[in-house]
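# Examining the three-dimensional arrangement
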Amino acid sequence: MKREIILERTIDTAAQEMLEKATEEHIDTAWDRYEAQEPQCGYGLLGICCRNCVMGPCRIDPFGNEPQKGVCGADADTIVARNLARMIAGGAAAHSDHGRDIVEVLHLTAEGKTQGYQINDEEKLKRIAQEYRIITDERPKEEIAKELAEKAMEEFGMIKNTIQFAERAPEKRKELWKNLGIWPRSIDREIVEIMHRTHIGVGAEIASLLLHGLRASLSDGWGGSMLATEFSDILWGTPKPKESTVSLGVLKEDHVNIIVHGHNPVLSEVIVDAVRDPEMIELAKQKGAIGINIAGICCTSNELLMRKGIPVAGNFLVQELALISGAVDAMVVDYQCLMPSLPSIANCYHSKVITTSPKAQIPGATHIEFDPEHAYDIGTKIVKEAIEAYENRNPNLVRIPKKIVKLMAGFSAEAILEALGGTVQPLIDAIVAGKIRGIAAVVGCNNPKIKHDFNHVTLTKRLIEKDILVVETGCAAIANAKAGLLVPEAADQAGEGLKEVAKSLGIPPVLHMGSCVDISRILNVAAAIANKLNVDISDLPVAGAAPEWMSEKAVSIGAYVVSSGIFTVLGAIPPVLGSKGVTELLTQGLKNVVGATFAVEPDPEKEAELIINHINEKRKALGLKETPIETVM
Ligand code: BF8
């Protein structure tokens, strides 16, 4: 493959090096498969194909010719709205099922039935238990945790008909959700109801379909995802700022390299413990390695980075490239964002792909089923597999990029508050003074339709230059970490006001707040600021962006962020353009409903302009100091 093509695919120089190696070794990656798919199906891109029943599949002619209706009579509006709602259901289900797994592990741990876990953050346990009106005085932490986990379990079903964490939203927002009839009743219920409403012959009217989609997304953002975050903090500790490193260069030639990949920290936390086990280290030495090195990919990586400072090998599009380095002995995966191509690439080397969840088995992988009741034993078994694989490593096939970048992560809402001296007031003061113009959440995936990392990094740079504090999660955070923006020195690239604030606090201008379920941390910060000012979230100078998104989870995230009142720009075009009605509702109509809309803008420079203008408008509406930065457009 020509060098120019590689440079068009990614701005990550380590990824470029691995793409060159892939070319030499005739290995296809997601980029090649994307090209092989082109031209992609036009009906699919516009969202106007339906296969919800077997009278179909049906599609609507986008040029206004026949057919204009599916066999059942569904038109483009109905089909697009149903498809979009189902994407929200898929995303909300993935996040929330992850949350459910964490709740279950907390419950089992409280009963003393797990191996290798304990309650790490007792203070947070008590604080959250009090939110749930659980008596905490003079009770053992296990008893409190058991009752809390049971109360959380009820939120997945029909017992309570409400989600506790939604109470954290500002009063005006809660009233709005109630008046619209979208207050989330329970996590599973709202997701199941999407599947019901979008079944053949049920919902056909776009507003009611989409409103319910918003309701289900709220059950994710303020429900399943927030439970995943908060309960993970109780089990493994609330993140605090810490330093680490990122890029494929974190792999070590003379060590057993284990990559943990996926989303749920339940497995990876014990793998971290197992690689530190002296018995395992000794075994690795017996096989000729100096030690055992662990690094992460995707959000499992973000979880371990935030709490333990474990290095990050890369984001979503780097997963195949990590194997192509020839230096990964085992890639241990839990679930979500795992490419089914991994075992076939691993087969070109000595690498093992080890699946661990019954929910995410992949043909060609070694399956070692994980079970929290025997967590540590299973963790050590997996580490032994990696050590054994190391013996078969072919040094001639190993090429580890030299690039290693420093980063600072660990900015939980609590850590941000602590840095500010225990209250959001200094942040509000900085916003009022115009030192920080506003806050933008830049989140989401990689997508081979978009030059890898380019949109994340370009957008983030433009925003900090204009004194907009950027908070990040997921693959966006990893992209900007690789670009060197997650270190305090990056404040030099920010505008004067943000630079001053970041330098005085010793923090980067771009704050890594965790994995994708940790977008709930961003909701908590936004709610805390709005509550302090006694306004709604939609009144704040804040915005969201998903510059390279691709997953259904990102659709659910976008929906709950907008439903929470935050204007959100999408970098990849969602499959809705086949319906004028749905497109107008998402980009304009929602403003009068939830006080925020979506915008779609694939160009990161223009994406930045949209966000800057939005923040300026919100500042003006709040009567804040006029902007010294020029208003664009
Ligand atoms: O949940 S950002 S590619 S890894 S979906 Fe996946 Fe997207 Fe990355 Fe984290 Ni989120």
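Below or above, wherever it landed, is the structure these notes cover. Computed from a predicted model, the values in this text were never measured in an experiment.

This part takes up the coordination of the nickel atom of the ligand. No other protein atom reaches the nickel atom of the ligand as a donor apart from Cys516 (SG), found 2.3 Å away. Seen from the nickel atom of the ligand, its four donor atoms lie at angles of 90 to 165 degrees, and the figure they make is irregular. Structurally, cysteine 516 can be placed in the loop between strand E13 (510–512) and helix H22 (519–533).

The next thing to look at is the sheet that holds strand E14 (residues 542–546). If you walk across this open sheet you meet the six strands as E13-E12-E11-E14-E15-E16, and the pairing is parallel. The sheet terminates laterally at E13 and strand E16 (598–600), the two strands that pair on one side only. Neighbour to neighbour, the strand axes of the sheet diverge by 25 degrees on average, direction disregarded. Here three bridges tie strand E15 (residues 567–570) to E16, and the two strands are oriented parallel to one another.

With that settled, consider the site of the ligand. Within the structure, the ligand sits among His263, Cys298, Cys299, Phe316, Cys337, Gly444, Cys445, Cys475, Cys516, Met550, Ser551 and Lys553. Note that an oxygen atom of the ligand is positioned 2.7 Å from one of the side-chain N or O atoms of histidine 263. Taking lysine 553, its side chain carries an N or O atom lying 3.0 Å from an oxygen atom of the ligand. Per-class residue counts for the shell around the ligand are eight nonpolar, three polar and one charged. When residues of the shell around the ligand are assigned to domains, at least three map to each of domain 3 (248–397) and domain 4 (411–621).

Glancing now at the pattern of salt bridges. Under the counting rule described, the total for this entry stands at 50 salt bridges. With its nearest N and O atoms 3.2 Å apart, the salt bridge here joins lysine 174 to glutamate 167. Judged by relative accessible area, lysine 174 falls into the buried class, the value being 7%. Here glutamate 167 falls in the partly exposed class, since its relative accessible area comes to 36%. Across the pair aspartate 453 and lysine 482 runs a salt bridge whose closest N-O atoms are separated by 2.8 Å. Note that aspartate 453 is positioned in the loop between strand E11 (438–442) and helix H19 (454–465) and lysine 482 in helix H20 (residues 474–482), a separation of 29 residues in sequence. Here the two residues aspartate 453 and lysine 482 agree in accessibility, since each one is buried.

The rules behind the values
Residues numbered from 1 in each chain as written. Predicted model: local features only at pLDDT ≥ 70, side-chain atom pairs only at ≥ 80, totals over all residues. Heavy atoms only, no water. Donors = N, O, S within 2.8 Å, 3.2 Å for Na, K, Ca; no water. Tetrahedral: all angles 85-135°; square planar, octahedral: opposite > 155°, others 65-115°. Helix = DSSP H or I, 4+ residues; strand = E, 2+ residues; numbered from the N terminus. Pairing = 2+ DSSP bridges. Axes fitted to C-alpha atoms, helices over the stretch in contact; angles between N-to-C directions. Near = heavy atom within 4 Å. Polar contact = N/O pair within 3.5 Å; in protein donor to acceptor, adjacent residues only side chain to side chain. Nonpolar A, V, L, I, M, F, W, Y, C, P; charged D, E, K, R; others polar. Domains from an automatic or database assignment. Salt bridge = Lys/Arg side-chain N within 4 Å of Asp/Glu carboxyl O. Buried < 20%, exposed > 50% of the residue type's maximum accessible area, 1.4 Å probe, protein only.

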